[in-house]
Amino acid sequence: MLKSYWKVAWRNLLKSKIFSLINILGLTIGITVCLMIYLFILNEFSFDKFHAQRKNIYRVMRGFDANKEKVPYLSGPYATALLNDFPGEIQSAVRVMPASGVISLGTTVFKEKKLYLADSNFFRFFSFPLIKGNPATALQDPGGIVLTESTAKKYFGAEDPMGKIIELDKSRKFKVTGIAKDVPSNSHLDFDIVVPFSIYYHEDWFNVWINNNHFVYVRLDDHASKAAIERRLPAFVNKYMAKEMTLMQSRFDLALTPLSDIYFEPDSGFDNVRHGDKKVVYIFLSIAVLILLIACINFTNLSTIRAVERSKEVGLRKVMGALRGHLISQFIGESIILTLISCICSIALLLVLMPLYNQILGHTLTISWNTPPVYLFLLGVIVVVGFLAGSYPAFFLSAFSPIESLKGKLKLGKEGALFRETLVVIQFSISVFLIIGTIIIMNQLNYVKNKELGYDQEHTVIVPLDNDPIAAHRITFKNELQSNDNMITSVSLMSGEPGGFFDVQPFEAEGQPAAVKFRSEFADFEYVRTLGLKIIAGRDLSSQYRTDSTEAVLINRTAARKLGFTPEQAVGKWIKNPIRDSLRRRVVGVVEDFNYLSLKEKMDALVISTGDDRRVAVIKLRPGNLAPSLGIIRKIYGKVAPGFPFQYSFLDQKFDELYKKDIRQQTMISLFSGLAIFIACLGLFGLASFTANRRLKEIGVRKVLGSSVWGIVLLLSKDLLKPVLIATLIAMPAGYYSMFRWLENFAYHTPLHWWVFVLAAVLTIAIALFTVSIKALKAALANPARSLKAE
């Protein structure tokens, strides 16, 4: 019996083609978006879950300032000391240092940015399987090296790479001792090459406690307590770092972060591992639910307005003995069938869109669409959406009186109209909310991109000093570049370009009872000139003053303020970096604040000194000679560092690097906003069709009596646009609050302009008006004789 009712449900769907198509299209888009976001969320929460003993693995974090996030960088002695001081609790430890290098195979050279230095137990500690080689011995020999599968294929093609010799940085030869599977995209660690850390064990820098440049992971015993170990870490730090802490007038502390939590740690931007943001996950999850809700509202609305058309069918079935339960089963069956068809269509659409989706996300999702969690999700969608979208129409239609239904006197009444309008209000409130969010995010990113940063980023090239020859001959490189003054204005060697690395270090300063923590920059005398900074007090660092190399610094306005001085008062005051300097330095000048950090961070104090730390060359070019100037730089680089690939970037491209996650987020939200309003307009189009058909006779009479086409269009449109206007008014305060909170992530942000909300309202109303007008205009242009004759 139930089976026959489902057959009837299928036949009814085939009869109402337009109704079914609108609902299938809306549900397909909604389910596809939900699937995309569900796959994204599964991938985000699957990070590092493939490691066999992940529950016992922790990364050791170091804190140095209560106002700043802990950092993962430690020095060589930590791992050994932790194993010695916590026997039985810490089973093993591994050190991992992200690096880069140049791989040479004969005359072929590759610049590799995903190179790790790791202890010999790396492949036993983590679950990165080796296709070839022994995990226990692959890194034991200091002359061994492990490549990923893709890297090995890039180097050797179809040849067996095992035992092959490759050269690193033109100085060390290694034999391939292992081939690892490509690192999955849901791993926070991401490498192409692993080199034994043991090649540096005997270097002086490796055994210095404050030389922090790599990660330390520990595996705890099954019966060990993370909390108990953390309580003993302060004593551990005092035991080994007391002298250094006294010298630096700072306190260090350690903490253990579970492996599964590393991915969602705050991204420092400098730990070279993958990070995610739970806020983004929850935003996308909310969008998925809202878009699916819009699609369900479409179904409910269109099913309800078809109630009058199907009233005689319901009445006849009741007279023939159909029970209310059977009718409810039939109508919910129609809803489930529609949802099932939509799910099938959404899977097909997803397969087509996955490459584009991965491109927008910036990585390939490791969760496949044909896994059990996805099928369970689709089953849940079919059941929940089928019942959610079909329940109200089912109970509404099955409650009709058979007598009134057969007489054709059934009307939806004011309550039905109010219900439909309420659903439309919900739909368009969501759409307007998403449009407001999209406009404000676009506006903020545009603001960040065009904000005056306080330095000149135009025509500026950045060349990393990341290999031994270029680092050793950096002065020669700089001098030869400056000799081409017809193309190059100035060159400065520094520890970090704006948007790059600026370490936090302790400084003793005049008038300060304790050390202060300021950002540091180490640069030459051309720093201010090359970046176009403004000196607001004192003078620039200069080679004309012999003592400037060892006894002078520049500070920014914020540093002067934090020291309790005006820029003018700060000039002449002493300051000392106890880590690097044996003598005090004098402040010879104060520069205006410039945004050397991301605009998400507040302006921080900066000390610019001539200390020896040169990591990049920043080259200011003369306008109009880009290609020849780059050719000159390439030629000189090749002369100074022969055999090493020349790599460069532009200072004004730092925007894309610093805000790439925000740009991707904005792209996704823009896409989802467009889809949301499209689905909402599908429902509005269906309502307009129903309204026009219901008022055909009225339209015919009005036309005969002289009403204009536009008058009839306005008549049909105004009732349908009323809930859209109400939705706009509801969405505005919600959008204001949500985007105000989002903008708090930026230290510098655009104000919430009134025109953003007006624009969102105008766009929504214009799109809705266009949607309604299509059907209203068609009805207004119809021949009145045909509608009156039909009546």
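Residues numbered from 1 in each chain as written. Predicted model: local features only at pLDDT ≥ 70, side-chain atom pairs only at ≥ 80, totals over all residues. Heavy atoms only, no water.

## So, the overall build of the chain
From N to C terminus, the chain includes 25 helices and 21 strands. Going through the 791 residues of the chain one by one, you find that 53% of them count as buried. With the model as given, the accessible surface of the chain reaches about 35900 Å², and the carbon-plus-sulfur share is 58%. (Helix = DSSP H or I, 4+ residues; strand = E, 2+ residues; numbered from the N terminus. Buried < 20%, exposed > 50% of the residue type's maximum accessible area, 1.4 Å probe, protein only. Areas by Shrake-Rupley, 256 points an atom, 1.4 Å probe, with all protein chains shown as cover.)

## Let's talk about the sheet that holds strand E20 (residues 616–621)
Strand order in the open sheet formed by four strands is E12-E20-E11-E21, and the pairing between neighbours is antiparallel. Both edges of this open sheet fall to strand E12 (488–494) and strand E21 (649–650), since each of them pairs with a single strand only. Summarising the sheet, E12 and E20 pair through six bridges and their orientation is antiparallel. Each bridged residue has a counterpart across the sheet, and for isoleucine 488 the counterpart in E20 is leucine 621. (Pairing = 2+ DSSP bridges.)

## Concerning the side chain of asparagine 358
Among the secondary structure elements, asparagine 358 is positioned in helix H9 (residues 324–361). Among all residues touching asparagine 358, those that are not within four sequence positions of it are His363, Thr364 and Leu365. (Contact = heavy atoms within 4.5 Å.)

## So, the nonpolar core
A general tendency of soluble globular proteins is for nonpolar side chains to be buried together. In this structure, Phe428 and Tyr527 are the most contacted members of the largest nonpolar core, which totals 106 residues. A per-element tally of this core places helix H12 (residues 413–450) first, with 13 residues. Grouped together as the second largest cluster of nonpolar side chains are 27 residues, Trp209, Val216, Phe236 and Leu256 included. (Core = buried A, V, L, I, M, F, W, Y, C linked by side-chain atoms within 4.5 Å.)

## Notes on the pairing of strand E5 (residues 144–148)
Burial of E5 is extensive: five of the five residues sit out of reach of the surface. Along E5, one buried face is formed by Gly144, Val146 and Thr148 and the opposite face, lined by Ile145 and Leu147, is buried too. Sheet topology places E5 next to strand E7 (residues 172–180); five bridges connect them, and they run parallel. By the bridge assignment for E7, valine 146 is matched with glycine 178. Direction of pairing for E5 relative to strand E8 (residues 193–196): antiparallel, over a ladder of two bridges. Within E8, the position partnered with valine 146 by the bridge is valine 194.

## Re the pattern of salt bridges
Inspection of the entire model under this criterion finds 28 salt bridges. In this structure, glutamate 89 engages arginine 232 in a salt bridge whose closest nitrogen and oxygen atoms are separated by 2.6 Å. Of this pair, glutamate 89 sits in the loop between helix H3 (77–85) and strand E2 (90–105) while arginine 232 sits in helix H6 (residues 226–248), and the two are 143 residues apart along the sequence. For aspartate 160, the salt bridge goes to lysine 132, with nearest N and O atoms at 3.0 Å. Of this pair, aspartate 160 sits in the loop between helix H5 (149–156) and strand E6 (165–168) while lysine 132 sits in strand E4 (residues 130–132), placing them 28 residues apart in sequence. Residue class for lysine 132 comes out partly exposed when judged on its relative accessible area of 33%. Linked through salt bridges whose partners overlap, the residues forming this network are Arg519, Lys562, Glu601 and Asp604. (Salt bridge = Lys/Arg side-chain N within 4 Å of Asp/Glu carboxyl O.)

## Some remarks on the confidence of the model for the chain
Averaged over all residues, the pLDDT of the chain is 84; the fraction at 70 or higher stands at 84%. Across the chain, element-level confidence peaks in E8 with a mean pLDDT of 97 and bottoms out in helix H1 (residues 2–15) with 50. (pLDDT = per-residue confidence, 0-100.)

## Things to note about the packing of aromatic side chains
A ring pair, where both rings are aromatic, is described by two values, the distance of the centres and the angle of the planes. A full pass over the atoms with the stated rule returns 40 aromatic pairs. Consider the rings of phenylalanine 123 and phenylalanine 191, whose centres lie 6.3 Å apart with planes at 80 degrees: the pair is edge-to-face. With phenylalanine 123 in helix H4 (residues 122–125) and phenylalanine 191 in the loop between E7 and E8, this residue pair connects regions lying 68 residues apart in the sequence. A network of ring pairs unites the aromatic residues Phe50, Tyr73, Tyr116, Phe122, Phe123, Phe125, Phe126, Phe128, Phe191, Phe215 and Tyr217 as a single cluster. Stacked on the ring of phenylalanine 215, the Lys or Arg arginine 59 has its end atom at 5.0 Å from the ring centre. Directly above the ring of phenylalanine 264 sits lysine 278, whose terminal nitrogen or CZ lies 5.4 Å from the centroid. (Phe/Tyr/Trp six-rings, centres within 6.5 Å; stacked < 30°, edge-to-face > 60°. Lys NZ or Arg CZ within 6 Å of the ring centre and 35° of its normal.)

## Description of the environment of glycine 638
Structurally, the position occupied by glycine 638 is in helix H19 (residues 626–640). Glycine 638 sits in the partly exposed class, given a relative accessible area of 34%. Separated by 168 residues in the primary sequence, glycine 638 and isoleucine 470 place their C-alpha atoms 9.4 Å from one another.

## Notes on unusual backbone geometry
Phi is positive for aspartate 169, which is not a glycine, with a value near 55 degrees. Looking at the element boundaries, aspartate 169 is found in the loop between E6 and E7. Of note in the backbone geometry, lysine 170 takes a positive phi value of approximately 60 degrees without being a glycine. Relative accessible area serves as the criterion here: at 32%, lysine 170 is assigned to the partly exposed category.

## What about the environment of methionine 248?
Mapped onto the fold, methionine 248 is located in helix H6. If near-sequence neighbours (up to four positions away) are discounted, methionine 248 is found in contact with Ile210, Pro506, Ala515, Pro578 and Ile579.

## Brief notes about the packing of H3 against H6
To describe two helices that pack against each other, one gives the angle between their axes and the distance between the axes. At a minimum axis distance of 12 Å, the contact between H3 and H6 shows a crossing angle of 125 degrees. On the basis of the axis angle, H3 is oblique to H6. Along this stretch, H3 crosses H6, giving a crossing that reads as right-handed. Judged by residue contacts, Tyr78, Ala81, Leu82 and Asp85 of H3 engage Arg232, Leu233, Phe236, Lys239, Tyr240 and Met241 from H6. (Axes fitted to C-alpha atoms, helices over the stretch in contact; angles between N-to-C directions. Parallel < 35°, antiparallel > 145°, perpendicular 65-115°, else oblique. Left-handed = near helix turned anticlockwise from the far one by under 90°.)

## Section: the packing of helix H14 (residues 474–482) against H19
Running from N to C, H14 and H19 cross one another at 150 degrees; their axes reach a closest spacing of 10 Å. It follows that H14 is roughly antiparallel to H19 by the angle criterion. Crossing handedness for the pair H14 and H19: right-handed. Contact residues: Phe477, Glu480 and Leu481 in H14; Ile633, Ile636, Tyr637, Lys639 and Val640 in H19.

## Details of H14
Given 3.6 residues per helical turn, the α-helix brings residues three or four places apart onto the same face. Within H14 the residues assigned to the buried category are Phe477, Lys478 and Leu481. End-on, the buried residues of H14 take up no more than an arc of 95 degrees, which puts them together on one face. Looking at the buried side of H14, the elements it contacts are strand E11 (460–464), helix H13 (468–472), E12, E20 and H19. (Arc of directions from axis to C-beta.)

## Topic: a nonpolar patch on the surface
Together, Trp754, Trp755, Val758, Leu759, Val762, Leu763 and Ile767 line one region of the surface with nonpolar side chains, adding up to about 650 Å² of accessible area. In this structure, isoleucine 767 sits in helix H24 (residues 754–781). The class of isoleucine 767 is partly exposed, set by a relative accessible area of 33%. (Patch = residues over 30% accessible without salt bridge, like charges linked within 9 Å, V, L, I, M, F, W, Y side chains within 5 Å.)

## Observations regarding the side chain of asparagine 56
Inspection of the secondary structure puts asparagine 56 in the loop between helix H2 (17–44) and strand E1 (57–63). We classify asparagine 56 as buried; its relative accessible area is 17%. Within the local environment of asparagine 56, its side chain forms a polar contact with the side chain of aspartate 222, the two groups lying 2.6 Å apart. Once residues lying within four places of it in the same chain are set aside, the contact partners of asparagine 56 are Val218, Arg219, Leu220 and Asp222. (Polar contact = N/O pair within 3.5 Å; in protein donor to acceptor, adjacent residues only side chain to side chain.)

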